[in-house]
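Examination of the molecular architecture
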Amino acid sequence: MRLVTAGEMREIDRQAIEEYGLPGIVLMENAGRAVYREVCDIVGTVKRKAVLVLAGRGNNGGDGFVAARHLLNAGAHVRLMLAAEPDKVAGDARVNLEIWRRLGQKIYLLSDRNALQVLQLALMQADVVVDALYGTGFRGVIRDRLGRVVEAVNESGRPVVAVDIPSGVEADTGRVHGPAVRATRTVTFGLPKLGLVLQPGAAYAGRVTVADISLPGALLGGGRRFLLTRETVSSWLPPREEHAHKGHFGHVLVVGGSRGMVGAACLAALAALRAGAGLVTLAVPRSLQDVAATRVTEAMTLGLPEAAEGRVGRAAGDEILGFLEKATVLAVGPGLGTHPETAALVLELISRVKIPCVVDADGLNALAAARGEEAARETAAGEVVAALPVRPQAPLILTPHPGEMARLLGSLSAGKVQEDRLGAAERAAEAWNCVLALKGARTIVAAPDGITYVNTTGNPGMATGGSGDVLTGVVAGMLAQGLDPARAAAAAVYLHGRAGDLAAEEKGEQGVIAGDILEKLPEALKETFVTGEGTGR
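To start, this report covers the structure provided alongside it. Predicted, not measured: the structure shown is a model, and the values here were computed from it.

1. Here's the deal with the overall build of the protein chain
Within the protein chain, the regular secondary structure consists of 20 helices and 21 strands. Taken against the 2.2 N^0.38 rule, which gives 24 Å for 537 residues, the C-alpha radius of gyration of the protein chain at 26 Å falls within 12% of a compact globule. Taking all 537 residues of the protein chain together, the buried fraction comes to 56%. Once local pairs closer than 6 in sequence are excluded, the contacts in the protein chain between residues at least 24 apart make up 71%.

2. What to know about the nonpolar core
Membership of the largest hydrophobic core comes to 66 residues, with the highest contact counts inside it found for Val252, Leu282, Tyr453 and Met478. Secondary structure elements with two or more residues in this core: β9 (251-255), α10 (262-275), β10 (279-285), β14 (329-332), β19 (435-438), α18 (467-480), α19 (485-507) and α20 (514-528). Ranked by the residues each element gives to this core, the list is headed by α19, at 13 residues. If you look at the next biggest cluster of nonpolar residues, it comprises 56 residues, including Ala316, Ala368, Leu388 and Ala424.

3. Some remarks on the state of the cysteines
Going through the model one piece at a time under the given rule, you end up with 0 disulfides. Note on Cys434: no disulfide assigned, nearest cysteine sulfur contributed by Cys357 at a separation of 11 Å.

4. What to know about the sheet that holds strand β20 (residues 444-446)
Read from one edge of the open sheet, 10 strands run β8-β21-β20-β19-β18-β15-β14-β9-β10-β11, paired in mixed fashion. At either end of the open sheet lies a strand with only one pairing partner, and these are β8 (225-227) and β11 (300-304). Shown here is a sheet whose adjacent strand axes are inclined to one another by a mean of 15 degrees, direction ignored. Relative to strand β15 (residues 357-359), β14 runs parallel, the two being bridged by 3 bridges. Bridged to Ala331 within β15 is Val358. On the sheet, α10 packs against β9 and β10 and is oriented at approximately 170 degrees with respect to β10.

5. A few points about the sheet that holds strand β7 (residues 207-211)
Read from one edge of the open sheet, 7 strands run β3-β2-β1-β4-β5-β6-β7, paired in parallel fashion. Across the chains shown, the open sheet's two edge strands, defined by having one partner strand only, are β3 (107-109) and β7. Between one strand axis and the next, the sheet turns by 20 degrees as a mean value, whatever way the strands run. The sheet contact formed by strand β5 (residues 160-163) and strand β6 (residues 185-189) spans 3 bridges and is parallel. Counterpart to Ala162 in the pairing with β6 is Thr186.

6. Re the pairing of β9
Burial analysis of β9 places 5 of its 5 residues in the buried class, the great majority of the element. The alternating pattern of β9 places His251, Leu253 and Val255 on one face and Val252 and Val254 on the opposite face, and all of these are buried. Summarising the sheet, β9 and β10 pair through 5 bridges and their orientation is parallel. Bridged to Val255 within β10 is Ala283. Once you follow β9 into α10 and on to β10, the crossover reads as right-handed.

7. Quick look at α20
Taking 1.5 Å of rise per residue, 15 residues should cover 21 Å, and α20 covers 20 Å from first to last C-alpha, within 8% of that figure. At Lys520, α20 is deflected by roughly 40 degrees, the largest bend along its length, and proline Pro522 occurs up to four residues later in sequence. Taken together, the buried residues of α20 touch α9 (230-234), α10, α18 and α19.

8. A short note on the packing of aromatic side chains
A ring pair, where both rings are aromatic, is described by two values, the distance of the centres and the angle of the planes. For the structure on display, the rule yields 3 aromatic pairs. Relative to Tyr453, the ring of Phe226 lies with its centre 6.0 Å away and its plane at 35 degrees, an arrangement referred to as tilted. With Phe226 in strand β8 and Tyr453 in strand β21 (residues 452-454), this pair connects stretches of sequence that are 227 residues apart. Under the relative-accessibility criterion, Phe226 is labelled buried at 7%. Seen in terms of ring centroids, Trp236 and Tyr453 are 5.4 Å apart; in terms of plane orientation they differ by 75 degrees. Their pairing is edge-to-face.

How each quantity is defined
- Residues numbered from 1 in each chain as written.
- Predicted model: local features only at pLDDT ≥ 70, side-chain atom pairs only at ≥ 80, totals over all residues.
- Heavy atoms only, no water.
- Helix = DSSP H or I, 4+ residues; strand = E, 2+ residues; numbered from the N terminus.
- Rg over C-alpha atoms; globule rule 2.2 N^0.38 Å.
- Buried < 20%, exposed > 50% of the residue type's maximum accessible area, 1.4 Å probe, protein only.
- Contact = heavy atoms within 4.5 Å.
- Core = buried A, V, L, I, M, F, W, Y, C linked by side-chain atoms within 4.5 Å.
- Disulfide = S-S within 2.5 Å.
- Pairing = 2+ DSSP bridges.
- Axes fitted to C-alpha atoms, helices over the stretch in contact; angles between N-to-C directions.
- Right-handed = clockwise from strand over helix to strand, strands pointing away.
- Expected span 1.5 Å × (residues − 1).
- Bend = angle between axes of the 7 residues up to and from the residue.
- Phe/Tyr/Trp six-rings, centres within 6.5 Å; stacked < 30°, edge-to-face > 60°.

Encoded structure:
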């Protein structure tokens, strides 16, 4: 499903009105009715239920006026509180406010001297609150009296339905700079806005419903940013043919492991197998090969020359490159360690390998350590991003967490990366000509051609050692089955998160370990690829 900025949505609305002749007041009516239906879904029958509608003067408020009318007609006790003088309301919103007046209904003004007392009483009585104060055009901070209104709503504990986006959340970034409504549910119109799926906005939005308000379908396609859904991912991997054999599903070579961290490499290898790769070979330091072989009985193992006991040496390069002539995907980094010769090997492999390469963990650390004084590259948008210290010959997928991303960039802290996850991922993917999966809540997968995916699966229980190693293996497994790098990374992120959700449902978030995510991968795959058919990009 396409994700849009506020500006992109405004342009879609404009085209619907001016080019297709769809009146704006019809769109407003459909939007308000969608909000009404969401309220009904929360409280059941609305007859005799108390509903507080908080509305601003713009179209968002107009949607709230429509919802208020439908709730009134259904028998609800509706109190409408307006954040502007009535004569400041214009356009289609003014039409719907006038209808409310002609129905003989009172308008309470939030600017009145006793408004906060009236609000507190209304909140005490309300079964549900409708937030129609600010729409997708909001930027900055809700201040003064309206800020106190928002805080009172949050403190009331009442369920809240936000109209299009919770007031106080920025639609393009999800940023929150002050008081913001913590909605139980958000009804957004036509297409989801970025601020509803990026943190922290996603945490304020609650459950998001994308309502059809009769916008022409031709206007809703295209775009370059997408929400990862089961329907999208299921369309990417076709069903297996009856005559298929293991050679049809690729051969993954995982290079990883060191003394004390061989488990990370084993998790990656097993995840590649569970994700559907036909063959997997796990390459580890020679002294650890027997240990690895007992852990990954379904995979082959390869012992590599060592620089020091339990550490892969640079001399392993030719042996690995020779082996890659019969492999289709390389995954490098899990548990590899940071020995100088090991780091040099990573750089050599990335620069010389001619098959798709997934780099994680200590592979990323090697890149960051070698970045040094490499010249920065300027993106198309004019931002400067530090260059990678190597020039890959084949598709490259990097899977950093925010700390690793900060080290790769060199110029930002992990905190700054988190403040603009989408921008950081997109700029780096362009500058480095790679697919980049920035891990964390709402993992972002950005491709060098500008296509970006935002994931919604996953939970805090997945913040556990080894979880990233499992993801590395799933990415490699998707690549081995023929998906292009961006889709392979995006599908892997979705499936990895879904497996984590299934594990948390069974064991609780605190009890989830990486092996549980690995164990649930087949179930995640099964529910995603039931038919092999979907409607996504």
